[in-house]
Amino acid sequence: NINYRTSTVKVWSNNHRFLAKKVIVTMPLGVLKDLSTNFFSPSLPWKTRRSINRIGMGVVNKVFLFWDEAFWNPNIEIFSDVAQRNNRFEFFNPG
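Conventions adopted
What you see as residue numbers is a count from 1 along each chain, following the sequence as written. Only residues with pLDDT of 70 or above have their local features reported here, since the model is predicted, and side-chain atom pairs are shown and tallied only from 80 upward, although totals for entire chains, interfaces and linings are computed over all residues. The basis for every side-chain value is the complete set of heavy atoms in the structure, and neither hydrogens nor water enter the calculation. Any two strands between which DSSP finds at least two bridges are classified as paired. By definition, any uninterrupted DSSP run of H or I lasting at least four residues is a helix, any uninterrupted run of E lasting at least two residues is a strand, and each is numbered from the N terminus. Definition of a polar contact: a pair of N or O atoms within 3.5 Å, with one able to donate and the other able to accept a hydrogen when the atoms are protein atoms, and with sequence-neighbouring residues admitted only if both atoms are side-chain atoms. Here a residue-residue contact requires only that any non-hydrogen atoms of the pair lie within 4.5 Å. Here the nonpolar core consists of buried residues drawn from Ala, Val, Leu, Ile, Met, Phe, Trp, Tyr and Cys, with membership extended through side-chain atoms lying within 4.5 Å. Working definition: with a 1.4 Å probe on protein chains only, accessible area under 20% of the residue-type maximum means buried, over 50% means exposed, and in between means partly exposed. Note that patches include only residues with greater than 30% relative accessible area and no salt bridge, and the join distances are 9 Å for like charges and 5 Å for nonpolar side chains (Val, Leu, Ile, Met, Phe, Trp, Tyr). To measure how exposed things are, a 1.4 Å probe is used in the Shrake-Rupley method; for residues, cover is taken only from the protein chains shown. Any Lys or Arg side-chain nitrogen located within 4 Å of an Asp or Glu carboxyl oxygen qualifies as a salt bridge.

1. A look at the sheet that holds strand β3 (residues 16-20)
Thinking step 1. If you trace the 4 strands from one edge of the open sheet to the other, you get β3-β2-β1-β4, paired in mixed fashion. Lying at the two open borders of the sheet, with one neighbouring strand each, are β3 and β4 (40-41).
Thinking step 2. In this sheet, strand β2 (residues 9-13) lies alongside strand β1 (residues 2-3) in antiparallel orientation, the contact comprising 2 bridges. In the sheet register, Ile 2 faces β2, and the bridge partner there is Val 11.

2. Some remarks on the side chain of Asn 3
Thinking step 1. Tracing the backbone shows Asn 3 in strand β1.
Thinking step 2. One polar contact links the side chain of Asn 3 to the main-chain amide nitrogen of Arg 5, over a distance of 2.9 Å.
Thinking step 3. Leave out the neighbours within four places in its chain, and Asn 3 touches Thr 8, Val 9, Lys 10, Trp 12 and Ser 41.

3. Some details on the nonpolar core
Thinking step 1. By size, the foremost hydrophobic cluster in this structure holds 7 residues: Ile 2, Val 9, Val 11, Leu 32, Phe 40, Leu 44 and Ile 52.
Thinking step 2. Every residue in contact with Ile 2, bar those within four places of it in the chain, is listed here: Val 9, Lys 10, Val 11, Val 23, Val 25, Phe 39, Phe 40 and Ser 41.

4. With respect to a nonpolar patch on the surface
Thinking step 1. Nonpolar side chains collect at one region of the surface, where Val 63, Leu 65, Trp 67 and Phe 71 lie side by side and expose about 500 Å² of accessible area between them.
Thinking step 2. Topologically, Val 63 is positioned in the loop between α2 (46-54) and β5 (78-82).
Thinking step 3. The exposure class of Val 63 is exposed, given its relative accessible area of 68%.

Spelled out as structure tokens, the structure:
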């Protein structure tokens, strides 16, 4: 349970209470979707709850490929291609 009603945030976890000025919540999206209504006091704003519920989950696979020389424009950081199939190809150029 996270109570952020006052300037001191109270977090209860495994029968321990923690006090802090700020809290960063890093739970998995599925857990956050299940808990977003009752886990926070006061409840999260409806816009935040709506956004949490609208975020989709899926499988992400990453493949890292390295070339001795770039065959693409090295000034472009990210490019992508939406192919005819239902997959999306995205490329990140770390420079």
